[in-house]
Amino acid sequence: MAERKLLILFGSQTGTAQDTAERIGREATRRHLRCRVEALDSCDVANLIHEPLVVFVCATTGQGDPPDNMKMFWRFLFRKNLPPGSLCQLDYAVLGLGDSSYPKFNFVAKKLHKRVLQLGGNPLLPVALGDDQHDLGPDAVVDPWLLALWDKILALYPLPPGLEIISPDIRLPPKYTLHYLPEDSPHPESDLLQPTAPRAVPSELCPFSARVVSNQRVTAQSHFQDVRLMEFDITGSGITFSAGDVVMIQPRNCPEDVQQFCQLLRLDPDRRFVLKPTEPGTSLPPLLPQPCTIQHLVTHYLDISCVPRRSFFELLSYFSTNELEQEKLQEFSSAQGQEELYSYCNRPRRTTLEALWDFPHTTCAIPADYLLDLIPRIRPRAFSIASSMLAHPDRIQILMAVVQYKTRLSKPRRGLCSTWLASLNPEQGDVRVPLWVKKGGLKFPADPATPVIMIGPGTGVAPFRAAIQERVAQGRRGNCLFFGCRQKSKDFYCQAEWEELVTKGFLTLFTAFSRDQEEKVYVQHRIQENRRLVWELLSSGNAHVYLAG
């Protein structure tokens, strides 16, 4: 009998595709299939020729781009020299997650499905196109598609005699178990986040611990929006970047939330543990030290401030000892309860920590072993780099709006990363932030004679500040910037810098201050007023146009 094994590969930017892939993994376990769930770039693509059965779950980002954790796979798959029948042994299915308000809706999933077919793969089902815009979200497509998928898979790989599908009433084992160390076991004398001498170029798995040099508010105190210009010291990191690149920052939870979480779940923050995978062959989470403290796990790893997903409530329902709470949790994890869940969680942007408060009986019964199944890891945040290495060697600057807004919940919603960064005060000693750099989507022209027209309202001006600094350092003059904000006196970022460059003849600047007069004026009005200049730069100067929001 053929080996009953399934490989689930995901390409995920925000975590939704990974969450869905893990859900399919759990359903496979209930059907007694040997199953691995991996990011597309973590698997050896060359081994696909030996896989009998693969489910691909992939999101589409930006303008039809693949997510970061499947970019290498994508390049390999579209190599011209791959022989047409190389995947003829493969049964496969593709599940796409997208948003139909974008022109390239589920482009990656459609293209992947077609390419695997070209290489000889045998599709079990048509590609599924999950849509964020649907009233019930992507699940409206995912739920029925999965039912059809399991029918197909069980027809090819029937259950072994004497085995039945594990009932949904039975809780599956956790991915890892936490083994607490005796309280008197020796502590290695290292702080978990010591800046280490980096061996490789910093990356997500090996970030550089950069010192915060300055953290300056660049909006007037009376302005509703708090925007910061922050500078980090990257001396000795080996990081290089050019204008248009992006810095990734790994945030952490605030101490009050960490303390509340530990109290709610009755966890001792100082307890140390090691993780052991339940299934042999499961790799440990790469960013957690071994041994680790509960404090470190909750501060740096568990995303207790994210809006919880359906899978969170599903797993939570298994721990519930309270009938009312369990009923509600089961409703939130059912297909019928999705509108209710949307109103409870997504619309008011309720956090995981706040949801746990609402289910106190269940929360204090959560076994620590399940924490990593229940709560996703904190994802890094991306910021456009707002400085050039030519103007500020060994430094990275960002222009960051501190995220805060109201929903129907009494407590204002706050962005995890921007709130944490804004709170850092470099005058209080050596303050450090884990970061690394990624290639950005904006590429500026190599030819020094090519003029650039940059349209950057608000903090969208950040990558253009990097580009202008870089181009000025190279002596290039054809720089034209359209900048917009609310009021000249309140949120005109980097005003003195721009005005100095205008005086020196390096910059042509057009500003739109929307609230400084009766009728609102935006960057598009300024572009229209200066249409002759813009057209001349485009038609005879061959200018490149850049837009960032």
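Under an unreviewed UniProt entry, the name given to the chain is NDOR1 oxidoreductase, and the organism recorded is Xiphorhynchus elegans. Under the heading Catalytic activity (unreviewed entry), UniProt records this for the chain: "2 oxidized [2Fe-2S]-[protein] + NADPH = 2 reduced [2Fe-2S]-[protein] + NADP(+) + H(+)". Among the UniProt annotations of the chain, the heading Subunit (unreviewed entry) holds the following wording: "Interacts with CIAPIN1; as part of the cytosolic iron-sulfur (Fe-S) protein assembly (CIA) machinery. Interacts with DCPS."

(A) Expanded view of the overall build of the chain. Along its length, the chain carries 18 helices and 21 strands. With the C-alpha coordinates aligned to their principal axes, the bounding extent of the chain is approximately 85 × 60 × 50 Å. Expressed as a percentage of its 549 residues, the buried residues of the chain come to 48%. Put simply, of all contacts in the chain between residues at least 6 apart along the chain, 77% involve residues at least 24 apart. Carbon and sulfur atoms make up 52% of the accessible area of the chain, which totals about 27000 Å². In the chain, 61 positive and 60 negative side-chain charges are present, and the distance between their average locations comes to 5 Å.

(B) Broad picture of the environment of Pro426. Checked against the element boundaries, Pro426 lands in the loop between helix 13 (416–423) and strand 17 (432–438). Once the C-alpha coordinates of Pro426 and Glu519 are considered, the two residues, 93 residues apart in sequence, prove to be 42 Å apart. Each residue touching Pro426, except ones within four places of it in the same chain, is listed here: Val212, Val213, Ser214, Asn215 and Val431.

(C) Highlighting helix 5 (residues 255–264). For helix 5, the set of buried residues is Asp257, Val258, Phe261, Cys262 and Leu264. Buried residues of helix 5 fall within an arc of 165 degrees about the axis and therefore sit on the same side. Opposite the buried face of helix 5, at more than 90 degrees from it, the exposed residues are Pro255 and Gln263. The secondary structure elements touched by the buried residues of helix 5 are helix 6 (294–301), helix 10 (352–358), helix 11 (360–363) and helix 12 (371–374).

(D) Broad picture of the sheet that holds strand 18 (residues 452–455). Reading across the sheet, the four strands line up as 20-19-18-21 and stay open at both edges, with parallel pairing between neighbours. Of all strands in the sheet, those with a lone pairing partner are strand 20 (507–513) and strand 21 (544–547), marking the two edges. For this sheet the average axis-to-axis angle between neighbouring strands, irrespective of direction, equals 15 degrees. The strands touched by helix 16 (residues 495–503) are strand 19 (479–485) and strand 20; relative to strand 20, the strand with the most contacts, the crossing angle is about 140 degrees. Running over the sheet, helix 18 (residues 531–539) touches strand 18, strand 19, strand 20 and strand 21 and is turned about 130 degrees from strand 18.

(E) Molecular detail of the packing of helix 1 (residues 16–30) against helix 4 (residues 139–156). Where helix 1 meets helix 4, the axes come as close as 12 Å, and the angle between the chain directions of the two elements is 30 degrees. Here helix 1 lies roughly parallel to helix 4, going by the angle between them. Taken as a pair, helix 1 and helix 4 cross one another with a handedness that is right-handed. The segment helix 1 lies against helix 4, with Thr20, Arg23, Ile24, Glu27 and Ala28 engaging Asp139, Val142, Asp143, Leu146 and Trp150. Partitioned by chemical class, the residues of the contact of helix 1 with helix 4 number five nonpolar, one polar and four charged.

(F) The arrangement of the side chain of Thr352 in detail. In this structure, Thr352 sits in helix 10. With residues up to four places along the chain from it excluded, the contact list for Thr352 reads Asp303, Ile304, Cys306, Val307, Pro308, Phe312 and Ile375.

(G) Quick peek at a nonpolar patch on the surface. Taken together, the side chains of Trp535, Leu538 and Val545 make up a nonpolar region of the molecular surface, amounting to roughly 310 Å² of accessible area. Positionally, Val545 belongs in strand 21. A residue is classified by how much of its surface remains accessible, and Val545, at 46% relative accessible area, is partly exposed.

(H) Representation of a positive patch on the surface. A contiguous patch of positive charge on the surface is contributed by Lys80, Lys104, Lys111 and Lys114. Residue placement: Lys80 occurs in the loop between helix 2 (71–77) and strand 4 (91–98).

(I) Just the domain arrangement of the chain, in detail. According to the domain assignment, the chain consists of domain 1 (5–156), domain 2 (208–251 + 380–438), domain 3 (255–374) and domain 4 (452–547). The straight-line distance from the C-alpha centre of domain 3 to that of domain 4 is 46 Å.

(J) Local environment of the nonpolar core. Of all hydrophobic cores here, the largest spans 40 residues; its most connected members are Phe261, Leu297, Leu302, Phe313 and Leu371. The element best represented in this core is helix 7 (residues 310–319), accounting for five residues. Once you skip the residues sitting within four places of it in the chain, Leu297 turns out to touch Phe273, Leu288, Cys292, Leu302, Leu371 and Leu372. Of all hydrophobic cores here, the second largest spans 28 residues; its members include Ala386, Val452, Ile468 and Phe483.

(K) Representation of the sheet that holds strand 17. One open sheet accounts for six strands, arranged 13-10-17-8-9-14; its pairing is antiparallel. Of all strands in the sheet, those bounded by a partner on one side alone are strand 13 (381–384) and strand 14 (395–401). Strand after strand, the sheet turns through a mean of 40 degrees between neighbouring axes, direction not considered.

About the cut-offs
- Residues numbered from 1 in each chain as written.
- Predicted model: local features only at pLDDT ≥ 70, side-chain atom pairs only at ≥ 80, totals over all residues.
- Heavy atoms only, no water.
- UniProt positions renumbered as here; feature names shortened; annotations may be inferred.
- Helix = DSSP H or I, 4+ residues; strand = E, 2+ residues; numbered from the N terminus.
- Buried < 20%, exposed > 50% of the residue type's maximum accessible area, 1.4 Å probe, protein only.
- Contact = heavy atoms within 4.5 Å.
- Areas by Shrake-Rupley, 256 points an atom, 1.4 Å probe, with all protein chains shown as cover.
- Lys, Arg positive; Asp, Glu negative; His and termini not counted.
- Charge placed at Lys NZ, Arg CZ, Asp CG, Glu CD.
- Arc of directions from axis to C-beta.
- Pairing = 2+ DSSP bridges.
- Axes fitted to C-alpha atoms, helices over the stretch in contact; angles between N-to-C directions.
- Parallel < 35°, antiparallel > 145°, perpendicular 65-115°, else oblique.
- Left-handed = near helix turned anticlockwise from the far one by under 90°.
- Nonpolar A, V, L, I, M, F, W, Y, C, P; charged D, E, K, R; others polar.
- Patch = residues over 30% accessible without salt bridge, like charges linked within 9 Å, V, L, I, M, F, W, Y side chains within 5 Å.
- Salt bridge = Lys/Arg side-chain N within 4 Å of Asp/Glu carboxyl O.
- Domains from an automatic or database assignment.
- Core = buried A, V, L, I, M, F, W, Y, C linked by side-chain atoms within 4.5 Å.

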